[in-house]
Amino acid sequence: MTFDFDAETRRALGYRLIDWIDEYFSSLPGRPVQLPLEERSFAPLTGRLPEVAEDAASVLDDACRELIDKGFHVPAANYFGLMNPTPAYMAVLAEALVAALNPQLASLARSQLASRIEAETVRWLGERVGWEGDFSGTFTSGGNEANFSALAVALAWHFPEVVENGVASLSAPPVCYASAEAHHSLDKSVGLLGLGRHALRRIPIDGRIQLDLDRLEQAIQRDFSAGYRPFAIVATAGTTSAGAIDDLSGLAAMARRYHLWLHVDAAYGGAMIFSNRHRELLRGLELSDSVTIDPHKGLAMPFAAGALLTTHPNMLEQTFAVATPYMPRARSSPLPDNFQISAQWSRRMNSLKLWLTLRVHGRQAYEELLDRQMRLAQSFAGWITESGRFELAAPQVLPIVTFRLRANGHSEDEVSTAHTRLLERVTAGGQRWISGTHVAGRSVLRMMIISYLTEERHLQALEEALLEAAGKIE
Ligand SMILES: Cc1ncc(COP(=O)(O)O)c(C=O)c1O
């Protein structure tokens, strides 16, 4: 028994899957995000390991039916995020093509056109970042890997000896800086790089949820005086909770003053490079040494698609390259092998979906999408302010709105408990999903417009649900 099917079966299975996907996509504007609370199950599956063949069509049907009927539907129009979008349909098709062709992106010799498509996609992103000189980059599994890689590169740039000898060979411990609201992938990264998690200095934020430049400068000076070796600043363009964007130009100037690498974690907010109208929000991005952008957040791509770009192309090789006798090299190629410029080795082609979507729809489609998401978020933020029951918790900068129940004399603990109860009510039926988090240490409710299917009518229904829930928890 092999895995081969005849052409007729392949076609029949393929069309069947496309029918399922098509029906699913048609349902997304009105589909509940998940089952009602009382029907959700998180119990582990207990099936036995299948030993023999079953009918492919019925297994496929079962899997589609179960996953759709019992799933959590990130692509639904009523999913008000975290930062995961409805995948563009061209990206869904691209994923199938990548799986079928299975190009080995590790080496140029085994992925000739695929590697060049990836390099072209990196170039399109870098040009929109605003870089006019040399730059390079690599697709990653997401923002976590991109941020990890950026800090590895920054470390190697500052201390070339760590690549071979490790941080233990340094005479003093390296440290880096990010805002209190920066993503926790940075904590993981410094830990895994052997610096220890304390090496990430979390700097307090100001009233606009931006990293406080004065406090940063004090921390840098304190660290230098205490014998630490600062090597990098990580700015965030689109914080996970509030969508705040740090002062990128101010941080670039600070990085230059102290000879530090500036990495911008624009995993989500970086999407705005595609909007001429809102590109200004990212002013200073072009001054960075490296940038994380996750197409699987703001650019309607399915997992996985992250990217790391840098204006120090040779630093990727200095950080990641190793010599191997067994990787076939492409002769006289202007492009490096991907395994030499990234943390991964065997690598999937995560770029085709973005490349294909851009080829089919063009950048302007993204501009339209992002501009519309901004208008919807502005309208929702306006409603919050006027609702009488809620208040904004942080300025709305990107299509993320954080808000709170008005305290009306209640303690912080009481407000936080009320938020939990309100979230339970709004999400219990499964029709829609919003989340709770903390911003500047305070409990907040959070929604974002991340699906290209979300319209004003979905917001109105959410507003009604919020008012109804607020009325019931008192
Ligand atoms: C600002 C930011 N950076 C990095 C990440 C990590 O990205 P990923 O989940 O793609 O690894 C996230 C995830 O939400 C994020 O919000």
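Residues numbered from 1 in each chain as written. Predicted model: local features only at pLDDT ≥ 70, side-chain atom pairs only at ≥ 80, totals over all residues. Heavy atoms only, no water.

### As for the site of the ligand
The full set close to the ligand counts 14 residues, and Asn 144, Thr 240, Asp 265, Asp 294 and His 296 are the nearest of them. Measuring from an oxygen atom of the ligand, one finds a backbone N or O atom of Asn 144 at 2.8 Å. Here Asp 294 contributes a side-chain N or O atom positioned 2.8 Å from an oxygen atom of the ligand. Considered on its own, the ligand offers 390 Å² of accessible surface; in the complex 82% of this is hidden by protein. Counting residues per element, the ones that place at least two in the shell around the ligand are helix 5 (143-158) and helix 10 (295-298). Among the elements that take part in the shell around the ligand, helix 5 stands out by supplying three residues, more than any other. (Near = heavy atom within 4 Å. Polar contact = N/O pair within 3.5 Å; in protein donor to acceptor, adjacent residues only side chain to side chain. Areas by Shrake-Rupley, 256 points an atom, 1.4 Å probe, with all protein chains shown as cover. Helix = DSSP H or I, 4+ residues; strand = E, 2+ residues; numbered from the N terminus.)

### Observations concerning the pairing of strand 7 (residues 306-310)
Counting buried residues in strand 7 gives five out of five residues, a clear majority hidden from the surface. Note that strand 1 (residues 136-140) and strand 7 share five bridges and pair antiparallel. Within strand 7, the position partnered with Thr 138 by the bridge is Leu 308. Relative to strand 7, strand 6 (residues 290-293) runs antiparallel, the two being bridged by four bridges. Bridging across to strand 7, Ser 290 finds its partner in Thr 310. (Buried < 20%, exposed > 50% of the residue type's maximum accessible area, 1.4 Å probe, protein only. Pairing = 2+ DSSP bridges.)

### Observations concerning the domain arrangement of the protein
Along its sequence, the protein is organised into domain 1 (7-87) and domain 2 (103-361). Here the C-alpha centre of domain 2 lies 34 Å away from the C-alpha centre of domain 1. With five residues of domain 1 at the contact, the number on the domain 2 side is ten residues. The largest per-residue losses of area from domain 1 upon contact with domain 2 belong to Met 83, Pro 85 and Pro 87, which jointly make up 81% of the total buried on that side. At the surface where domain 1 touches domain 2, the tally comes to zero salt bridges. Across the contact surface, domain 1 and domain 2 share zero residue pairs in polar contact (both at pLDDT 80 or more). (Domains from an automatic or database assignment. Contact = heavy atoms within 4.5 Å. Buried area = accessible area lost by both parts, 1.4 Å probe. Salt bridge = Lys/Arg side-chain N within 4 Å of Asp/Glu carboxyl O.)

### Comments concerning the sheet that holds strand 6
Strands sit in the order 1-7-6-5-4-2-3 across an open sheet of seven strands; the sheet is mixed. Strands with a single pairing partner mark the edges of an open sheet, and in this sheet they are strand 1 and strand 3 (200-203). The sheet shows a mean angle of 20° between the axes of neighbouring strands, taken without regard to direction. Sheet strands in contact with helix 9 (residues 248-257) are strand 4 (229-236) and strand 5 (261-265), and its direction is about 170° off that of strand 4. (Axes fitted to C-alpha atoms, helices over the stretch in contact; angles between N-to-C directions.)

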